[in-house]
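Take a look at the letters that make up each chain.
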Amino acid sequence: MDAGKPEPAPDDTGAAEKSVPRTFRFHALEWERIESCAEARGMTAAEFVRFAVRAAMEGGAAASGAADRLAPLVERTFRYSYMVATKMRDDMLAQGRDEEIEALVRAARALQDELTGASGD
């Protein structure tokens, strides 16, 4: 089989088992990304999805270990950001800087949309 392409999954006897069609639903943009990633790797979308799922199953324990270690940092960062932002907002409201707050919120949303590739609503 080509390098980078998944091997056929073995059955209980160790022999290669024939694939059985399955149905999964994707949003149009998700499917476009899958097809693009698959094409860049010389695979069909179905091969790419199978490969990604197998990789996730094989490396799942290692990946979840990193996420488990980062979770407390993310939680602390969120709490700190919330505290600082709330204090700053309260101070700005007390100073009558409502319009400046609204401008900051609009700028933050625009940047978020730009970074995530989302369209603003």
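Reading guide: rules and limits
Residues numbered from 1 in each chain as written. Predicted model: local features only at pLDDT ≥ 70, side-chain atom pairs only at ≥ 80, totals over all residues. Heavy atoms only, no water. Helix = DSSP H or I, 4+ residues; strand = E, 2+ residues; numbered from the N terminus. Buried < 20%, exposed > 50% of the residue type's maximum accessible area, 1.4 Å probe, protein only. Contact = heavy atoms within 4.5 Å. Core = buried A, V, L, I, M, F, W, Y, C linked by side-chain atoms within 4.5 Å. Expected span 1.5 Å × (residues − 1). Salt bridge = Lys/Arg side-chain N within 4 Å of Asp/Glu carboxyl O. pLDDT = per-residue confidence, 0-100. 1 Å grid on protein atoms, 1.4 Å probe; cavity = no way out; pocket = protein on both sides within 12 Å on 5 of 7 lines; lining within 4 Å. Points joined across faces, edges and corners; volume = space filled by probe spheres on them. Nonpolar A, V, L, I, M, F, W, Y, C, P; charged D, E, K, R; others polar. Phe/Tyr/Trp six-rings, centres within 6.5 Å; stacked < 30°, edge-to-face > 60°.

1. What to know about the overall build of the protein
- When its secondary structure is counted, the protein shows three helices and zero strands.
- Reading the secondary structure of the protein in the N-to-C direction produces α-α-α.
- Put simply, the protein has 121 residues, and 8% of those count as buried.
- For the protein, contacts bridging at least 24 residues in sequence account for 33% of all contacts bridging at least 6.

2. Things to note about the nonpolar core
- In terms of nonpolar packing, the biggest core is built from five residues, these being I34, A38, M43, A45 and F48.
- Going through the elements one at a time, helix 1 (28-40) and helix 2 (45-94) are the ones with two or more residues in this core.
- Once residues lying within four places of it in the same chain are set aside, the contact partners of F48 are I34, C37, A38, R41 and M43.

3. Some details on helix 3 (residues 98-116)
- A rise of 1.5 Å per residue sets the reference length of helix 3, with its 19 residues, at 27 Å; its end C-alpha atoms lie 27 Å apart and thus fit the reference within 8%.
- In the stretch just after helix 3, G117 is the one whose phi turns positive, near 75°.

4. Brief notes about the pattern of salt bridges
- All told, the structure shown has three salt bridges when counted by the stated rule.
- Notably, a salt bridge pairs E100 with R97, separated by 2.9 Å at the nearest N-O pair.

5. A word on the confidence of the model for the protein
- For the protein, mean pLDDT is 81; residues scoring 70 or higher make up 78% of the total.
- For the protein, per-element mean pLDDT is lowest for helix 2, which scores 83, and highest for helix 3, which scores 93.

6. Notes on helix 1
- Taking 1.5 Å of rise per residue, 13 residues should cover 18 Å, and helix 1 covers 18 Å from first to last C-alpha, within 8% of that figure.
- One or two steps after helix 1, the chain reaches G42, where phi turns positive at roughly 70°.

7. Remarks on the layout of surface pockets
- Put simply, the largest pocket is a space of about 650 Å³.
- Lining the largest pocket are 16 residues, and of these S19, V20, R22, F24 and R50 lie nearest its centre.
- Grouping the constituent residues of the lining of the largest pocket by class yields 10 nonpolar, one polar and five charged.
- Counted as a void, the second largest pocket has a volume near 160 Å³.

8. A closer look at the packing of aromatic side chains
- Taken as a whole and judged by the stated rule, the model has two aromatic pairs.
- Ring geometry for F26 against W31: centres 5.2 Å apart, planes inclined by 40°, an arrangement best described as tilted.
- You can call W31 partly exposed: its relative accessible area is 30%.
- Centre to centre, the rings of F78 and Y82 are 6.4 Å apart; their planes meet at 20°, and the pair counts as stacked. Pair noted here: F78 and Y82 are both in helix 2, with a separation of four residues, about one helical turn. Residues F78 and Y82 agree in their burial class; the two are exposed.

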